[in-house]
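The chain contents come next:
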Amino acid sequence: MAGGGPAPPPKPEELQPHPAKDQLPGVSYCITSPPPWPEAILLGFQHYLVMLGTTVLIPTYLVPQMGGGNEEKAKVVQTLLFVTGLNTLTQSYFGTRLPAVIGASYTYVPTTLSIIFAGRYADIVDPQEKFARIMRGIQGSLIVASTLQIILGFSGLWRNVARFLSPLAAVPLIALAGFGLYEKGFPGVANCAEIGLPQLILLIIFSQYIPHLIRGERHVFDRFAVVFSVTIVWIYAHLLTIGGAYKNRPTATQISCRTDRAGLIAAAHWISFPYPFQWGAPTFDAGEAFAMMAASFVTLVESTGSFYAVSRFASATPLPPAVLSRGIGWQGLGILFSGIFGTGSGSSVLVENAGLLALTRVGSRRVVMISAGFMIFFSILGKFGAVFASIPAPIVAALYCLFFAYVGSAGLGFLQFCNLNSFRTKFILGFSIFMGLSIPQYFNEYNLIHGYGPVNTGARWFNDMLNVPFTSAPFVAGLLAMVLDITLHKKDEATRKDRGMHWFDRFKSFKTDTRSEEFYSLPFHLNKFFPSV
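A quick note: this is a predicted structure, and the numbers were derived from the prediction, not measured.

## Some details on the overall build of the protein
Consideration 1: Broken down by element type, the protein carries 23 helices and 2 strands.
Consideration 2: Taking 2.2 N^0.38 as the reference for a compact globule, 533 residues should give roughly 24 Å; the C-alpha atoms of the protein span a radius of gyration of 24 Å, in line with that estimate.
Consideration 3: Projected onto the principal axes, the alpha-carbon positions of the protein cover approximately 85 × 55 × 50 Å.
Consideration 4: In the protein, the proportion of contacts linking residues at least 24 apart, taken out of those at least 6 apart, comes to 85%.
Consideration 5: A total accessible area of about 22,800 Å² is found for the protein, and carbon and sulfur atoms account for 66% of it.

Set out below in structure tokens:
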């Protein structure tokens, strides 16, 4: 018979929950602490590799439907790269000052498709002329749509809205900014499982397992897991391609799996400078501009959640509303640049690059500025940029599986400021997250079955204005959570603490926390001329 008696009672400190932290611990380099230059350059290149997925996939989907070929696609990718680099630099210097990459957004795709299929382009026979005229129509809509974020951001109106955001309402918004993109993850991996699965497995091994097996002072495998895993799987995919593994496979499989089907390397120019209005003078249509403005408002809400995730992974304090509003204004200017240069898509915060901050545990502003330099450099040297842009889509989808999950977890991290034993908290969280997944699922399924959304009138632009917002999971969840949190608000201190507002109070104004000056103040003493409140 075993002896020993009952276990000793736990010590009081062992029963205490983990303390809440307004700055994420465990980050190697925070927003203001750059790594050594060689490491920073390689980390910047890694950010460049990650953002290529969205930068290539959106033009690959849109350009053929516009009448363009590989040459037009290569030019659009180069333009999008250039504008993404430009927008990332301006956001890092003058916007939120966070290490956020500002690139193309899938939210604009449905509205862009409506412009592509507009009746006024149906009679154009010449594909190149059709492409140019459609692009000019998209440019005009983006230029008008940019005014929404510019006005809401620089006027301070979005600052006033953001002050109502509590940690409780932020959870569904930020969580579904990552988790809501689940369709871009494993379904893309499964399109070519023999490439996608090895990439996903290697990425997890390099980033999570090897650092525990090989303990050392230098973080090599986890910090550069993307470079290691992508290089290995890309070589493997190329060997499969030249070895004839896909010779007699269906066309869809060849497009997903082969490394020589992007058509970018042959079509890209050696040196090409994107310039304003390179496709011609923009054309304007009032209905399409309103529809694009609705998409712009959706990306405004989505980017709000992504900015909070980036601030978390950069080990900065939560964004003061004035800084967030300033960043939204600069994002609006980014959409204006997209319209002026002709990228075919508006801009928002790239969720995948926010997730990369968590993987590397490097939230340095300098690293993302360096990545913006890579974007601009490779947009001009077209052939070299096209080589990296030819990474097969399943490899990109495997990266998404990890990075989108990280951003979703950043949203869940805000639960530490809330009272999870409150039924009010449980209702707002559960209902907003469930409806944030369920409503877009309904709208997307309806569109898949019928070829149009639940709102179907004679005006496509009006349909888009009402359908597009409800296909965005973070928009629906964030809006529901914020409305419920405000309308179910009792003006007592207990409810206020349940919502986590006592944590956010010190960040409501720029000057109430001394760390805001360190993380978010403008360079070159510009705060004297453009003070944050």
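Now that the structure has been shown, the text picks up again.
## Here we look at helix α2 (residues 70–94)
Consideration 1: When the terminal C-alpha atoms of α2 are compared, their 36 Å separation across 25 residues agrees well with the 36 Å that a helix rising 1.5 Å per residue should span.
Consideration 2: In terms of residue burial, α2 counts as a mostly covered element, since 18 of its 25 residues are buried.

## Considerations on the packing of helix α1 (residues 37–66) against helix α15 (residues 365–380)
Consideration 1: At a minimum axis distance of 7 Å, the contact between α1 and α15 shows a crossing angle of 60°. Looking at the two axes, α1 sits oblique to α15. Seen along the crossing, α1 lies across α15 with a hand that is right-handed. Residue-level inspection shows W37, A40, I41, L43, G44, F45, H47, Y48 and M51 of α1 in contact with α15, the latter providing R366, V367, V368, I370, S371, F374, M375 and F378.

## Focus: the packing of helix α8 (residues 193–213) against helix α9 (residues 225–242)
Consideration 1: Running from N to C, α8 and α9 cross one another at 155°; their axes reach a closest spacing of 9 Å. Classed by the angle they form, the pair α8 and α9 counts as roughly antiparallel. For the pair α8 and α9, the sense of crossing is right-handed. Residues E194, I195, P198, Q199, L202, L203, F206 and S207 of α8 pack against A225, V226, F228, S229, V230, I232, V233, Y236, A237 and L240 of α9.
Consideration 2: The residue inventory of the contact of α8 with α9, partitioned by class, reads 14 nonpolar, 3 polar and 1 charged.

## A short note on the packing of aromatic side chains
Consideration 1: Taken as a whole and judged by the stated rule, the model has 34 aromatic pairs.
Consideration 2: Three or more aromatic residues link up through ring pairs in this structure, and these residues are F45, Y48, F374, F377, F378 and F388.
Consideration 3: A cation sits over an aromatic face here: K184 above Y106, 4.6 Å from the ring centre.

## Some details on the state of the cysteines
Consideration 1: This model, assessed by the stated rule, comprises 1 disulfide.
Consideration 2: Sulfur-sulfur distance for the disulfide between C192 and C257 comes to 2.0 Å. Residues C192 and C257 share a disulfide whose torsion about the S-S bond is about 125°; that sign makes it right-handed. Here C192 is found in the loop between α7 (186–190) and α8, whereas its partner C257 is found in helix α10 (residues 251–257), with 65 residues between them in sequence.
Consideration 3: A residue is classified by how much of its surface remains accessible, and C192, at 1% relative accessible area, is buried.
Consideration 4: Since its relative accessible area comes to 0%, C257 is described here as buried.

## Topic: the pattern of salt bridges
Consideration 1: Tallied over the entire structure, the rule returns 10 salt bridges.
Consideration 2: Notably, a salt bridge pairs D485 with R499, separated by 3.0 Å at the nearest N-O pair. Taken together, the positions of D485 in helix α20 (residues 473–487) and R499 in helix α21 (residues 493–499) put the pair 14 residues apart, joining distant regions of the chain. Each member of the pair, D485 together with R499, is buried.
Consideration 3: Between D505 and R496 there is a salt bridge, with its nearest N and O atoms 2.5 Å apart.
Consideration 4: Three or more residues joined by partner-sharing salt bridges are found here, namely D22, R506, D513 and R515.

## Some thoughts on a nonpolar patch on the surface
Consideration 1: Residues F186, L197, I201, I205 and Y209 make up a contiguous nonpolar surface patch of roughly 480 Å² in combined accessible area.
Consideration 2: For the nonpolar patch, the leading source of residues is α8, giving 4 residues.
Consideration 3: Summarising the element assignment, Y209 is placed in helix α8.

## Regarding unusual backbone geometry
Consideration 1: The backbone of S315 sits at a positive phi, close to 55°, despite the residue not being glycine.
Consideration 2: Turning to its location among the elements, S315 is positioned in the loop between α12 (286–313) and α13 (321–341).
Consideration 3: Judged by its relative accessible area of 9%, S315 falls in the buried class.
Consideration 4: The backbone of R361 shows a phi angle near 60°, a positive value even though the residue is not glycine.
Consideration 5: As for its position among the elements, R361 is in the loop between α14 (351–360) and α15.

Cut-offs used in this document
- Within every chain, residues take consecutive numbers counted from 1 along the sequence as written.
- Restriction of local features to residues with pLDDT of at least 70 applies here, the model being predicted, together with a cutoff of 80 or more for giving and counting side-chain atom pairs; totals for whole chains, interfaces and linings are based on all residues.
- Computation of side-chain values covers all heavy atoms of the structure but excludes hydrogens and water.
- Think of it this way: any DSSP run of H or I at least four residues long counts as a helix, any run of E at least two long counts as a strand, and we number them from the N terminus.
- A radius of gyration in this sense is built from C-alpha atoms; the matching globule rule multiplies 2.2 Å by the number of residues raised to 0.38.
- Contacts were defined at the residue level, with two residues in contact if any of their heavy atoms lie within 4.5 Å.
- For every accessible area listed, the method is Shrake-Rupley and the probe measures 1.4 Å; residues are considered covered only by the protein chains on display.
- The span expected for a helix works out to 1.5 Å for each residue beyond the first.
- Buried, partly exposed and exposed residues are distinguished by accessible area as a fraction of the type maximum, computed with a 1.4 Å probe on protein chains only: under 20%, between the cut-offs, and over 50%, respectively.
- Convention adopted: a line fitted to C-alpha atoms gives each axis, helices being fitted over their contacting stretch, and angles between N-to-C directions are expressed from 0 to 180 degrees.
- We call two directions roughly parallel when the angle between them is under 35 degrees, roughly antiparallel when it is over 145, roughly perpendicular when it lies between 65 and 115, and oblique otherwise.
- Left-handed describes a crossing whose near helix is turned anticlockwise from the far helix by less than a right angle; the clockwise case is right-handed.
- Under the convention adopted here, Pro, Cys and the residues Ala, Val, Leu, Ile, Met, Phe, Trp and Tyr are nonpolar, Asp, Glu, Lys and Arg are charged, and Gly plus all remaining residues are polar.
- Centres within 6.5 Å make a pair out of two Phe, Tyr or Trp rings, where for Trp the six-membered ring is used; the pair is then stacked when the planes are under 30 degrees apart, edge-to-face when over 60, and tilted otherwise.
- Charges are assigned to positions over rings by a cutoff of 6 Å between ring centre and Lys NZ or Arg CZ, combined with an angular limit of 35 degrees from the ring normal.
- Disulfides are defined as cysteine sulfur pairs within 2.5 Å.
- For this document, the term salt bridge refers to a Lys or Arg side-chain nitrogen within 4 Å of an Asp or Glu carboxyl oxygen.
- Each patch is assembled from residues with relative accessible area greater than 30% and no salt bridge, linking like charges that lie within 9 Å and nonpolar side chains (Val, Leu, Ile, Met, Phe, Trp, Tyr) that lie within 5 Å.

Read these as layout, nothing more, since geometry by itself doesn't imply function.
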